[in-house]
Amino acid sequence: MWGNKNFLLLMFGVAVSSTGLWVGIIGNLEFLQKNVESSFLQALILLSGFLVGVFLAPMAGRIIDRGDKKKILIYSGFARCLAIGFMYLAIAYNNVWWMLIYTFVIGISGTFSNPAMQTLIPLIVKKEELLQANGVYMNLFTGARIAGTALGGVMLVGMSLSALYTVTLISYVILLIATFYMKVDVTPREKTEGGKKESFFGTLKDLYPIVRDQHKVVYSILLLIPPYLFLSGFNLMVIEISQIQHYPGIKGILYTTEGLCVFLGTYLAKRFLKEAKLPYLFGIVFISALAHISLFMASHLVMSVISFGFFGLAMGLLFPVTTTIFQTDIPAEYHGRFFSIKGMTDNIIFQILMLLTGLFLDTIGFEKMVITFGVCSFIIASLIFLQYRIREKQNSRKPVAAAK
């Protein structure tokens, strides 16, 4: 894997561009904090760009499956660079509407680039190296988040918002250059269904027979819901905790702690989880739920750090395992459509849950919100585990019944 030039180029581009992405996210939060007071409205603006991606996801999936993944990444890279121009206008005119256009363009770009990248990894690494490759991808993205948020925080002290987005632009350009040098020998599929209109339900109809019989995939998708309750409100909760503790520096501490624990989680996944198995996921999700509910003590600095640390550990274990299950159990010719529809569904879930987070922060408050979400996570994970155990018992009885 480490001698694979294409993989190294892709990971280098991911590391640099993800660092720039998180510098830009710090800029987004700062811009919104100056111009929008309500947490609910902040959530609406942050999620607005995903709306376009929701409608484009089915078409993006088929294009990725049939087309040249490298070209798709290049076009998406150009779109990201263009988006920065709109953010410059937002800063210059202090206008949230320009930021909305920026988020729309970024959302469209991500609708194509993220599934294309996940589809590309199994094409450039061996099957037995997928778990390790996905762990490396997770580590790089996490390291970039730590570096990006730290760099963004430092830059905010003595530099302008425009400087932050310039760093983001440079990182996107570097990813674009790295993509140009990649060599992927994949023959695009022929368009056997010419003239067929792309739609969510049409693509879902194509995928349903494939996914239905892959029980590991189904359970893995469902088990992502509890962690999403935490992830969707991550940035809003960090802001809220800093206000509760009256300590702005806690933002960086929480991001760093969570990121370092993600590193630890991916190391443990690579070291001890030789295969992507479902029982591992249930334990990981219960850890995530425990971390969420423990945030009711977030007024104490140490407890908030511990909670984010446990959540980071769970995510470092969770995502390499689930991604490997998706890449190995779903046929390669359906990867583009699967990851596009999954990304679309993730976006919808994130929109709903982030809006709920913002709404609850404005109404019932932080402590009641984290208790509610934490309990819901436990209930969802427990119901899925119960259904899984019932299915396992039924499967174990089938050979006995056949023998009789």
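For the structure itself, consult the block above.
Presented here is a report on the structure given in the accompanying data block. Because the structure is a prediction, the values reported are computed rather than measured. (Residues numbered from 1 in each chain as written. Predicted model: local features only at pLDDT ≥ 70, side-chain atom pairs only at ≥ 80, totals over all residues. Heavy atoms only, no water.)

What follows is about the side chain of S307. Note on placement: S307 falls in helix α13 (residues 301-329). By relative accessible area, which is 0% here, S307 ends up buried. Apart from the residues within four sequence positions on either side, S307 is in contact with A291, S294 and L295. (Helix = DSSP H or I, 4+ residues; strand = E, 2+ residues; numbered from the N terminus. Buried < 20%, exposed > 50% of the residue type's maximum accessible area, 1.4 Å probe, protein only. Contact = heavy atoms within 4.5 Å.)

By the secondary structure assignment, G249 is in the loop between α10 (234-245) and α11 (250-272). With relative accessibility at 32%, the residue G249 sits in the partly exposed group. In this structure the C-alpha to C-alpha distance between G249 and G153, which are 96 residues apart in sequence, comes to 9.6 Å.

With that settled, the discussion passes to the side chain of S18. Mapped onto the fold, S18 is located in helix α1 (residues 5-35). The buried category is assigned to S18, whose relative accessible area is 5%. Residues contacting S18, with those up to four places away along its chain left out, are F141 and A144.

The next thing to look at is a nonpolar patch on the surface. A contiguous nonpolar surface patch, about 670 Å² in accessible area, is contributed by Y75, F78, V173, I177, F180 and Y181. Of all elements in the fold, only α3 (69-93) and α6 (161-180) reach the threshold of two or more residues within the nonpolar patch. In terms of residues, the nonpolar patch owes the most to one element, α6, which gives 3 residues. Take Y181: it is sitting in the loop between α6 and α7 (200-212). (Patch = residues over 30% accessible without salt bridge, like charges linked within 9 Å, V, L, I, M, F, W, Y side chains within 5 Å. Areas by Shrake-Rupley, 256 points an atom, 1.4 Å probe, with all protein chains shown as cover. Salt bridge = Lys/Arg side-chain N within 4 Å of Asp/Glu carboxyl O.)

In a regular helix each residue adds 1.5 Å, so 20 residues correspond to 28 Å; α6 covers 29 Å between its end C-alpha atoms and thus fits that length. Those residues of α6 that sit buried are L161, A163, L164, Y165, T168, S171, Y172, L175, L176, A178 and T179. (Expected span 1.5 Å × (residues − 1).)

Another aspect to go through is the nonpolar core. I241, L281, L295, F308, F338 and F366 are the most contacted members of the largest nonpolar core, which totals 58 residues. Looking at this core, the element that brings in the most residues is α13, giving 10 residues. Among residues more than four places away in sequence, those in contact with L295 are F230, M237, I241, S307, F308, F366 and V370. One finds I45, A83, A90 and M99 within the second-largest nonpolar core, a separate group that totals 21 residues. (Core = buried A, V, L, I, M, F, W, Y, C linked by side-chain atoms within 4.5 Å.)

Time to look at unusual backbone geometry. Non-glycine residue N94 carries a positive phi angle of around 50 degrees. With respect to the element layout, N94 can be found in the loop between α3 and α4 (96-124).

Everything listed is a geometric property; what it means functionally is a separate question.
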